[in-house]
Amino acid sequence: LPIWGVMPGRYLLRADVRFPQAGNTQKPYTVEIPLSVGGSDIDGLDLTMDAGAAVDVALHGVAENHLDPTTVNVSLRRADAGRTWRSGQRDKDGTFHIDGLPAGGYWIIARAGAEACMESVKAGDREVRGTPQEIAGGAVLRLDATVSKNCGSIQARAVRDGEAVPGAK
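Reading the values: rules and limits
Residues numbered from 1 in each chain as written. Predicted model: local features only at pLDDT ≥ 70, side-chain atom pairs only at ≥ 80, totals over all residues. Heavy atoms only, no water. Disulfide = S-S within 2.5 Å. Helix = DSSP H or I, 4+ residues; strand = E, 2+ residues; numbered from the N terminus. Core = buried A, V, L, I, M, F, W, Y, C linked by side-chain atoms within 4.5 Å. Buried < 20%, exposed > 50% of the residue type's maximum accessible area, 1.4 Å probe, protein only. pLDDT = per-residue confidence, 0-100. Pairing = 2+ DSSP bridges. Lys, Arg positive; Asp, Glu negative; His and termini not counted. Salt bridge = Lys/Arg side-chain N within 4 Å of Asp/Glu carboxyl O. Polar contact = N/O pair within 3.5 Å; in protein donor to acceptor, adjacent residues only side chain to side chain. Patch = residues over 30% accessible without salt bridge, like charges linked within 9 Å, V, L, I, M, F, W, Y side chains within 5 Å. Areas by Shrake-Rupley, 256 points an atom, 1.4 Å probe, with all protein chains shown as cover. Axes fitted to C-alpha atoms, helices over the stretch in contact; angles between N-to-C directions. Contact = heavy atoms within 4.5 Å.

A.B. asks: Lay out the state of the cysteines in plain terms, naming residues and giving numbers.
C.D. replies: Taken as a whole and assessed by the stated rule, the structure comprises 1 disulfide. Across the disulfide from Cys117 sits Cys151; the S-S distance is 2.1 Å. The chirality of the disulfide connecting Cys117 with Cys151 is left-handed, given an S-S dihedral of about -95°. Of the two residues, Cys117 sits in strand 10 (residues 117-123) while Cys151 sits in the loop between strand 13 (140-148) and strand 14 (159-160), which places them 34 residues apart along the sequence.

Here you go:
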């Protein structure tokens, strides 16, 4: 499968396919590899696809905190690939499901809008909020995330020599 007109640079090549399974389900296979493209062609690249991993995130505290469930979102960011994001699909029971993931480390990013925050994200009894999770190919990781309205906020301003720095991020 040729990809034409690729400018020189660094890329993350991703390929995935879903094979039909019994019970009207699909099994994902996936691969992601970093590529550096120069001024010449890359030929003979073989992609070995592995069974895709999945993450299921059950949300707790939404009803108790009177939150609009549509403001709560869960996504994953590759620990080794910078800005590669995958967002979850909300199932009917409110659980987020993200599948077709290549094996690797992932940061779990859970957002609950301006009025709430993630109090806890657990894998079993272990708190994992703020740490990347290693997920093996074909594995399913279940996480329990608790949202809360018991949150603070931070307001800051970037200054230099007592003056605001324009465009600071």
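From this point, things continue past the structure.
A.B. asks: An account of the nonpolar core is needed here, citing residue identities and associated values.
C.D. replies: Val55, Val57, Leu59, Val72 and Leu143 are the most contacted members of the largest nonpolar core, which has 25 residues in total. Elements with a minimum of two residues in this core: strand 4 (53-60), strand 5 (73-78), strand 8 (96-101), strand 9 (104-111), strand 10 and strand 13.

A.B. asks: Tell me what's going on with the confidence of the model for the protein chain, and back it up with residues and numbers.
C.D. replies: Taken over all residues, the pLDDT of the protein chain has a mean of 84, while the share at 70 or more is 98%. No element of the protein chain has a lower mean pLDDT than strand 6 (residues 85-87), at 79, and none a higher one than strand 11 (residues 126-127), at 94.

A.B. asks: Lay out the pairing of strand 9 in plain terms, naming residues and giving numbers.
C.D. replies: Alignment of strand 5 against strand 9, held across 6 bridges, turns out to be antiparallel. Paired with Ser75 across the two strands is Ile109, which belongs to strand 9. Note that strand 9 and strand 12 (residues 133-135) share 3 bridges and pair antiparallel. Looking at strand 12, one finds that Gly105 is bridged to Glu134.

A.B. asks: Provide a residue-level description of the side chain of Arg86, including the pertinent values.
C.D. replies: The residue Arg86 is located in strand 6 in this model. Of the side chains with opposite charge, Asp99 lies nearest to the buried Arg86, which makes no salt bridge, at 4.9 Å. In terms of polar contacts, Arg86 uses its side chain to reach the backbone carbonyl oxygen of Gly100, at 3.4 Å.

A.B. asks: Account for a nonpolar patch on the surface, naming residues and giving values.
C.D. replies: Among the surface-exposed residues, Val17, Phe19, Ile42, Leu45, Leu47 and Met49 lie close enough to one another that they form a single nonpolar patch of about 450 Å² accessible area. When you line up the elements, Met49 lands in the loop between strand 2 (25-37) and strand 3 (50-51).

A.B. asks: If you had to explain the sheet that holds strand 12 to someone new, which residues and values would you point to?
C.D. replies: What the 4 strands build is an open sheet, ordered 6-5-9-12; its pairing is antiparallel. Strands at the two margins of the open sheet, each flanked by one partner only, are strand 6 and strand 12. Going across the sheet, the axis of each strand differs from the next one's by a mean of 35°, ignoring polarity.

A.B. asks: Can you lay out the pattern of salt bridges for me, pointing to particular residues and giving the numbers?
C.D. replies: Evaluated as defined, the whole model comprises 5 salt bridges. Residue Arg18 pairs with Asp99 through a salt bridge whose shortest N-O separation is 2.7 Å. In this pair, Arg18 is assigned in strand 1 (residues 9-21) and Asp99 in strand 8, connecting sequence segments 81 residues apart. Overall, the relative accessible area of 34% leaves Arg18 in the partly exposed class.

A.B. asks: Report on the side chain of Thr95, specifying residues and quantitative values.
C.D. replies: Position of Thr95 relative to the elements: it lies in the loop between strand 7 (89-90) and strand 8. Under the relative-accessibility criterion, Thr95 is labelled buried at 11%. Contact partners of Thr95, with chain neighbours within four places excluded, come to Asp56, Val57, Ala58, Gln89 and Arg90.

A.B. asks: How would you explain the sheet that holds strand 13 if you had to name every residue and give the values?
C.D. replies: Pairing within the open sheet is mixed, and its 6 strands lie in the order 7-8-4-13-10-11. Among the strands making up the open sheet, the edge pair consists of strand 7 and strand 11. Bridge count between strand 4 and strand 13: 7 bridges; the pairing is parallel. When the sheet's bridge partners are listed, Ala58 is paired in strand 13 with Asp144.

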